[in-house]
Amino acid sequence: MGKRHYIQYISLFFAMTFWGASFVLTKHLLIDFNPIFIIFTRLLISSLIFVTTSLVLFKKRFFIEKKYILLFLGLSLFEPLIYFLFETYSLQLIDPSIVSVIIATIPLFMAIFAYYFLKELLSRKNMIGVVLSVVGIVIMLFPDFYGSTINFLGVGLAFGAVFSTIGYNYFLNKIPHHYPPILVITWQNLIGLIAFTPILLLMNTNSELSLQVTALNDVKNFTFLILLAVFCSSIAFVLYIAGVRAIGTARSNIFTNLIPVITATISFLLFDETITWNKIIGIITVISGIFL
């Protein structure tokens, strides 16, 4: 294993750290904002920062070649549009613990997808690691999962989010590597912003929008949205794309099961949430699976 791979593992760890922290930040923001407004604002701030940066860094290379426009549109269709909509509305129909377990199957489906369509091979040890990481998530969430009610539409939407990740990775692998990760994320978020604008207007009345815009005057709200936009909607994706290009789709996506581990850890350290024995065992199991 080369030194470069260790660097990419560290990059993927930080990407998952930012995404894990996003659940904690979003939980606070949902007091004053609805999910669509949060997503739209994240994309707006991220687009302003990244478009400016990309225009300075890449100049004439900023614009997408015509033959690759459909690839970028497909990329943005699956992430952020479809993924966020499916995940958000699944959370309104079924318990978060069920959604988390379903989302934890992403590495399993991604390994199958990568094997058949991207010709990425995983060893038996790697596959055991994938399964072990999923088992760890189930152990962490088992008490909540055990007492939950099942809504089949909600389950279907959650699996829709899983398969949208596969669609995202399909288009990501088709985009040529001469487009650097920063430029890919710039266009991904910019197209996503355009797509979410009519959804924002349809899902909110004028009075609701006015109340949420006013809530941005709160320093804590604004700071959390900046953190979400810069670290979770931008830098995390840049690090993730770099990881996928270096070590492959299947191995990179195994790291996604670190997200609930990091969320639980941050909640414990900052908000005094209880870490139970099942969470400790689950965290150890997830990390062991990722290590394999």
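Let me sum up the structure you'll find in this document. (Residues numbered from 1 in each chain as written. Predicted model: local features only at pLDDT ≥ 70, side-chain atom pairs only at ≥ 80, totals over all residues. Heavy atoms only, no water.)

1. Some remarks on the nonpolar core
Reasoning step 1: M16, F72, F196 and Y240 are the most contacted members of the largest nonpolar core, which totals 88 residues.
Reasoning step 2: No other element matches the 12 residues that helix 10 (residues 219-247) contributes to this core.
Reasoning step 3: Those residues in contact with Y240 that sit more than four places away from it in its chain are L12, A15, M16, W19, Y168, N169, L172, S252 and N253. (Core = buried A, V, L, I, M, F, W, Y, C linked by side-chain atoms within 4.5 Å. Buried < 20%, exposed > 50% of the residue type's maximum accessible area, 1.4 Å probe, protein only. Helix = DSSP H or I, 4+ residues; strand = E, 2+ residues; numbered from the N terminus. Contact = heavy atoms within 4.5 Å.)

2. A word on the packing of aromatic side chains
Reasoning step 1: Summed over the entire model, instances satisfying the criterion amount to 20 aromatic pairs.
Reasoning step 2: Look at Y9 and F255: their rings are 5.8 Å apart centre to centre, the planes differ by 20 degrees, and that puts the pair in the stacked class. In this pair, Y9 is assigned in helix 1 (residues 3-29) and F255 in the loop between helix 11 (249-254) and helix 12 (259-271), connecting sequence segments 246 residues apart.
Reasoning step 3: An angle of 85 degrees between the planes, with centres 5.8 Å apart, marks the rings of Y68 and Y179 as edge-to-face. Note that Y68 is positioned in the loop between helix 2 (35-58) and helix 3 (69-93) and Y179 in the loop between helix 7 (152-174) and helix 8 (181-203), a separation of 111 residues in sequence. (Phe/Tyr/Trp six-rings, centres within 6.5 Å; stacked < 30°, edge-to-face > 60°.)

3. Some details on the layout of surface pockets
Reasoning step 1: When its volume is computed, the largest pocket comes out at roughly 1,600 Å³.
Reasoning step 2: Lining the largest pocket are 49 residues; nearest its centre among them are F23, E87, S100, I259 and T263.
Reasoning step 3: Taken together, the elements giving at least two residues each to the lining of the largest pocket come down to helix 1, helix 2, helix 3, helix 4 (96-103), helix 6 (124-146), helix 7, helix 10 and helix 12.
Reasoning step 4: Of the residues belonging to the lining of the largest pocket, the class tally is 26 nonpolar, 14 polar and nine charged.
Reasoning step 5: Lining the second largest pocket are 13 residues, with Y9, F255, I290, F291 and L292 sitting closest to its centre.
Reasoning step 6: Of all the secondary-structure elements, those providing two or more residues to the lining of the second largest pocket are helix 1, helix 11 and helix 13 (277-291).
Reasoning step 7: Examining the composition of the lining of the second largest pocket, we find that four residues originate from one element, helix 13, more than from any other.
Reasoning step 8: Of the residues assigned to the lining of the second largest pocket, the class counts are 10 nonpolar, two polar and one charged. (1 Å grid on protein atoms, 1.4 Å probe; cavity = no way out; pocket = protein on both sides within 12 Å on 5 of 7 lines; lining within 4 Å. Points joined across faces, edges and corners; volume = space filled by probe spheres on them. Nonpolar A, V, L, I, M, F, W, Y, C, P; charged D, E, K, R; others polar.)

4. Here we look at the side chain of N169
Reasoning step 1: Relative to the helices and strands, N169 is located in helix 7.
Reasoning step 2: The exposure class assigned to N169 is buried, which follows from its relative accessible area of 0%.
Reasoning step 3: Looking at N169, its side chain comes within polar contact range of the main-chain oxygen of T165, at 2.8 Å.
Reasoning step 4: Non-local contacts of N169, meaning those with residues more than four positions away in its chain, are made with M110, Y240, V244, T249 and N253. (Polar contact = N/O pair within 3.5 Å; in protein donor to acceptor, adjacent residues only side chain to side chain.)

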